[in-house]
Amino acid sequence: MTIRRACITGGAGFIGSNLADRLHAAGSEVVVVDSFRTGRREFLSGLVGRPGFTLVTGDVRDPEVINPAVEGCDWIFHLQANADVRGGLDHPTLDLELNTVATSRVLEAARRGGVRRVLIASSGAVYGEPQSFPTPEDAPFPLQTSLYGASKLAGEGLLAAYCAGFGFTGVICRFVSILGERYTHGHVYDFFRALRADPTRLTVLGDGKQTKSYLYVQDCLSAMLTAAENHAEDPGAAHVYNLGTEEAITVDESVAVITGHLGLTPLIVH
């Protein structure tokens, strides 16, 4: 698929910056929008100043930031979000603002700017506590178990409505946990930091038997771009993809991998 010009919201983040590198290397013009609330400028150091790359510093919820950023784009890859699920109950409106409201502003900017192809990053969290594993895209939704998941599901609904109402081409990618270069948050990262601070003891939330699946970031990008290519000329609908792998690992098993890599034998406290 040839993308002449793409806008990536949250493009200074873990997945967004890797996508910016991938698209720019393929010859696309790339516009990154990031407030640097959690994004890192060093992730874009290989692109800043190069022809075909534009960095817009600002909040996607601000029309004066996002409206000009999307002008002339073939695709918008909306990856900006509040990625820290754990703080949702401490700040109940944060997921609403940074996920749902932000998605609404990006979609409206797309409508006003004549951009009709939008891919949004969602999450397996929208399934709450599913009854079937692996969980298919058409699984019935249970009651939501996190404000993060609820806000992501609301964003999906907005994209579907814009597809139906304004003829958008929509792609929804529900991620499992993503790992790879520039990974900056999640329990694997937290375990490494905790063990560096105290190599004798590690606290694990829950019983350690929780099962998680991981996907390498470059495989994630390949899946996103394949999904976008499959529906580049398919207006009027939002297409949902689970991006994951059949492999899974328990939290305790991942702890064993990490501690073995570090050569540590800490006391594990569940």
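For the structure itself, consult the block above.
Residues numbered from 1 in each chain as written. Predicted model: local features only at pLDDT ≥ 70, side-chain atom pairs only at ≥ 80, totals over all residues. Heavy atoms only, no water.

Draft legend 1. Region of interest: the overall build of the protein. A count of helices and strands for the protein gives seven helices and 13 strands. Against the globule reference of 18 Å for 270 residues, the protein gives a C-alpha radius of gyration of 19 Å, in line with a compact fold. Along the three orthogonal principal directions, the C-alpha set of the protein runs to about 55 × 45 × 35 Å. In the protein, which comprises 270 residues, the proportion classed as buried is 43%. Counting only contacts in the protein whose residues sit at least 6 apart along the sequence, the fraction spanning at least 24 positions is 77%. Surface summary for the protein: the accessible area is close to 13,300 Å², and the carbon and sulfur share equals 53%. Taken together, the 22 basic and 30 acidic charged side chains of the protein have centroids lying 5 Å from each other. (Helix = DSSP H or I, 4+ residues; strand = E, 2+ residues; numbered from the N terminus. Rg over C-alpha atoms; globule rule 2.2 N^0.38 Å. Buried < 20%, exposed > 50% of the residue type's maximum accessible area, 1.4 Å probe, protein only. Contact = heavy atoms within 4.5 Å. Areas by Shrake-Rupley, 256 points an atom, 1.4 Å probe, with all protein chains shown as cover. Lys, Arg positive; Asp, Glu negative; His and termini not counted. Charge placed at Lys NZ, Arg CZ, Asp CG, Glu CD.)

Draft legend 2. Helix 4 (residues 147–166), seen in detail. Over its 20 residues, helix 4 runs 28 Å from end to end, which matches the ideal 28 Å to within 8%, given 1.5 Å per residue. Taken together, the buried positions of helix 4 are occupied by Tyr148, Gly149, Ser151, Lys152, Gly155, Glu156, Leu159, Tyr162 and Cys163. Each buried residue of helix 4 lies within a common arc of 170° when the element is viewed along its axis, so the set occupies one face. Among the exposed residues of helix 4, those pointing more than 90 degrees away from its buried face are Ala164 and Gly165. Phi turns positive one or two residues past the end of helix 4, at glycine 167, with a value near 75°. (Expected span 1.5 Å × (residues − 1). Arc of directions from axis to C-beta.)

Draft legend 3. Geometry of the side chain of serine 28. Tracing the backbone through its elements, the reader meets serine 28 in the loop between helix 1 (14–25) and strand 2 (29–34). Residue classification places serine 28 among the buried positions, given a relative accessible area of 6%. Within the structure, the side chain of serine 28 is placed 2.5 Å from the backbone oxygen of isoleucine 3, a separation counted as a polar contact. (Polar contact = N/O pair within 3.5 Å; in protein donor to acceptor, adjacent residues only side chain to side chain.)

Draft legend 4. Quick peek at helix 5 (residues 187–197). When we look at burial in helix 5, the residues that qualify are His187, Val188, Phe191 and Leu195. One face of helix 5 carries all of its buried residues, which in axial projection span an arc of 105°. For helix 5, the exposed residues lying more than 90 degrees away from the buried face are Arg193, Arg196 and Ala197. In this structure, the buried side of helix 5 is in contact with strand 7 (177–179), strand 8 (201–203), strand 9 (211–212), strand 10 (214–216) and helix 7 (251–262).

Draft legend 5. Summary view of the pattern of salt bridges. Throughout the structure, instances matching the rule amount to eight salt bridges. Measuring nitrogen to oxygen at the nearest pair gives 2.8 Å for the salt bridge that ties aspartate 21 to arginine 182. Pair noted here: aspartate 21 is in helix 1 and arginine 182 is in the loop between strand 7 and helix 5, with a separation of 161 residues, a long-range link. Exposure remark for aspartate 21: the relative accessible area of 26% places this residue in the partly exposed category. Bridged by salt links that share partners, the residues Asp59, Arg61 and Glu97 form one connected network. (Salt bridge = Lys/Arg side-chain N within 4 Å of Asp/Glu carboxyl O.)

Draft legend 6. Geometry of the environment of valine 115. Counting through the fold element by element, valine 115 comes out in the loop between helix 3 (94–113) and strand 5 (117–123). Among the residues examined, valine 115 registers a relative accessible area of 1% and is labelled buried. In sequence terms valine 115 and proline 92 are 23 residues apart; their C-alpha atoms lie 32 Å from each other. Each residue touching valine 115, except ones within four places of it in the same chain, is listed here: Val70, Cys73, Asp74, Ile76, Ala110 and Phe168.

Draft legend 7. Highlighting the sheet that holds strand 6 (residues 169–175). If you walk across this open sheet you meet the seven strands as 3-2-1-4-5-6-11, and the pairing is parallel. With partners counted over all chains shown, the strands left at the sheet margins are strand 3 (53–57) and strand 11 (237–243), one partner each. Taken pair by pair, the neighbouring strands of this sheet meet at an average axis angle of 15°, ignoring direction. Relative to strand 11, strand 6 runs parallel, the two being bridged by seven bridges. Bridge assignment links glycine 170 to a residue of strand 11, and that residue is alanine 238. (Pairing = 2+ DSSP bridges. Axes fitted to C-alpha atoms, helices over the stretch in contact; angles between N-to-C directions.)

Draft legend 8. Molecular detail of the pairing of strand 4 (residues 75–78). The alternating pattern of strand 4 places Trp75 and Phe77 on one face and Ile76 and His78 on the opposite face, and all of these are buried. Strand direction decides the pairing type here: strand 1 (residues 5–9) and strand 4, joined by four bridges, are parallel. When the sheet's bridge partners are listed, alanine 6 is paired in strand 4 with tryptophan 75. Taken together, the three bridges between strand 4 and strand 5 define a ladder with parallel strand orientation. Its bridge partner being in strand 5, isoleucine 76 is matched across the sheet by valine 118.

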